[in-house]
Amino acid sequence: MEETERKSLYAALWARAMRALARREHSEHELRQKFKAGAPDELIDELIEALLRDDLLSDARFAQMLCRSRYKRGVGPVKIKYELQQHGILSEWIEQAMMEYEAQWVDQLSALRSRKYGERLPQDYREWARQARFFQGKGFTHEQIQRAIPRV
C-alpha cells in the first residue's frame, strides 16, 4: 500500500471512529471488530493507539457507561459482568465499574420486585421460586435474591 493511499485510509478510519465515539463510548475490542474488514491490522493498531493516547477511547469509561446503563434498566451484576467480558474489557476495569453499585444491588432488586409483583411478598415456596427464577434470569445472584425476597 502506498503512502497516500495509507494516509487516506487512516483519515477515513479516524473519521469513522470519531462518528462512532461521538454517539457513545466503545470498547477497544468493539472498534477493532468494526474496522477489521476494511483495513490492515497495522493501521487499526495505529488508530487504536492514537485514540487511547488522546484519551478518546477508554475501556474503563466504556465499562462505567455500560454498567450504569444496565443498572438503570434493572439488569443484575452477573449479566453485566458477562456483557463486559464479551466486549473484551479487562477484569480490573469490570471490578472497578461494578464497585460503585456493590451496596445497591439488593435495594435495586427489592424495588424491581415491588414494581413487578407488588408489595405483597410471596406466600408460598412455589411463588418465591418463580420470582427467584425471574431475577436470576435478569442477572442477580442467589444470595442477593435471598436477601431481597424473604423466603416463606
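Everything numeric here is computed off the predicted structure, so don't read it as measured data.

**Q** Looking at this structure, how should I read unusual backbone geometry?
**A** For Asp55, which is not glycine, the phi torsion reads 60 degrees and is therefore positive. Mapped onto the secondary structure, Asp55 falls in the loop between helix H3 (41-53) and helix H4 (59-73).

**Q** Explain the environment of Pro77 here, please?
**A** Along the polypeptide, Pro77 turns up in helix H5 (residues 77-86). Residue Pro77 is classed as buried on the basis of its relative accessible area, which comes to 8%. C-alpha of Pro77 to C-alpha of Ala11: the two residues are 66 residues apart in sequence and 39 Å apart in space. For Pro77, the contacting residues outside a window of four places in its chain are Met98, Trp105, Gly139, Phe140 and Gln144.

**Q** Could you clarify how one ought to interpret the packing of aromatic side chains in this entry?
**A** A ring pair, where both rings are aromatic, is described by two values, the distance of the centres and the angle of the planes. Evaluated as defined, the whole model comprises 10 aromatic pairs. Consider the rings of Phe134 and Phe135, whose centres lie 5.0 Å apart with planes at 80 degrees: the pair is edge-to-face. Since its relative accessible area comes to 30%, Phe134 is described here as partly exposed. What makes Phe135 buried here is its relative accessible area of 1%. Between Phe135 and Phe140, the aromatic rings sit 6.3 Å apart at their centres with planes inclined by 80 degrees, giving edge-to-face as the arrangement. Positioned above the aromatic ring of Tyr117, the side-chain terminus of Lys116 is 5.5 Å from the ring centre. Here the basic side chain of Arg151 rests over the ring of Trp128, its NZ or CZ set 4.5 Å away from the ring centre.

**Q** Help me understand the environment of Tyr101 in this model?
**A** Relative to the assigned elements, Tyr101 resides in the loop between helix H6 (91-99) and helix H7 (105-117). Exposure remark for Tyr101: the relative accessible area of 7% places this residue in the buried category. When the C-alpha atoms of Tyr101 and Glu127 are compared, they prove to be 28 Å apart, with 26 residues separating the residues in sequence. Excluding residues that lie within four positions of it along the chain, Tyr101 makes contacts with Cys67, Arg68 and Tyr71.

**Q** For this particular structure, what's the right way to read a positive patch on the surface?
**A** On the surface, Arg16, Arg19, Arg23 and Lys34 cluster together into a positively charged patch. Looking at the positive patch element by element, the count peaks at three residues for helix H1 (residues 3-23). Along the polypeptide, Arg23 turns up in helix H1.

**Q** Any chance you could explain the nonpolar core here in plain terms?
**A** One recurring pattern in soluble globular proteins: nonpolar side chains tend to sit buried together. Ile80, Leu84, Trp105, Phe135, Phe140 and Ile145 are the most contacted members of the largest nonpolar core, which totals 26 residues. If you list the elements that add at least two residues to this core, you get H4, H5, H6, H7, helix H8 (125-137) and helix H9 (142-148). Once you skip the residues sitting within four places of it in the chain, Phe140 turns out to touch Gly74, Val75, Gly76, Pro77, Trp105, Gln108, Leu109, Leu112, Phe135 and Ile145. Formed by 15 residues, the second largest nonpolar core is a distinct cluster that contains Ala39, Ile44, Ala50 and Leu57.

**Q** Which parts of the structure should I look at to understand the pattern of salt bridges?
**A** Side chains that carry opposite charge are capable of pairing whenever their charged atoms lie near each other. As enumerated under the stated definition, the model contains nine salt bridges in all. A salt bridge links Arg61 to Glu25, with the nearest nitrogen and oxygen atoms 2.9 Å apart. Residue Arg61 is found in helix H4, and its partner Glu25 is found in the loop between H1 and helix H2 (28-35); the two are separated by 36 residues along the sequence. Residues Asp45 and Arg32 are paired through a salt bridge, measuring 2.5 Å at the closest nitrogen-oxygen approach. Of this pair, Asp45 sits in helix H3 while Arg32 sits in helix H2, and the two are 13 residues apart along the sequence. Residue Arg32 is classed as partly exposed on the basis of its relative accessible area of 27%. Several salt bridges converge on common partners, so that one network encompasses Glu25, Asp55 and Arg61.

Rules behind the numbers
Residues numbered from 1 in each chain as written. Predicted model: local features only at pLDDT ≥ 70, side-chain atom pairs only at ≥ 80, totals over all residues. Heavy atoms only, no water. Helix = DSSP H or I, 4+ residues; strand = E, 2+ residues; numbered from the N terminus. Buried < 20%, exposed > 50% of the residue type's maximum accessible area, 1.4 Å probe, protein only. Contact = heavy atoms within 4.5 Å. Phe/Tyr/Trp six-rings, centres within 6.5 Å; stacked < 30°, edge-to-face > 60°. Lys NZ or Arg CZ within 6 Å of the ring centre and 35° of its normal. Patch = residues over 30% accessible without salt bridge, like charges linked within 9 Å, V, L, I, M, F, W, Y side chains within 5 Å. Areas by Shrake-Rupley, 256 points an atom, 1.4 Å probe, with all protein chains shown as cover. Salt bridge = Lys/Arg side-chain N within 4 Å of Asp/Glu carboxyl O. Lys, Arg positive; Asp, Glu negative; His and termini not counted. Charge placed at Lys NZ, Arg CZ, Asp CG, Glu CD. Core = buried A, V, L, I, M, F, W, Y, C linked by side-chain atoms within 4.5 Å.

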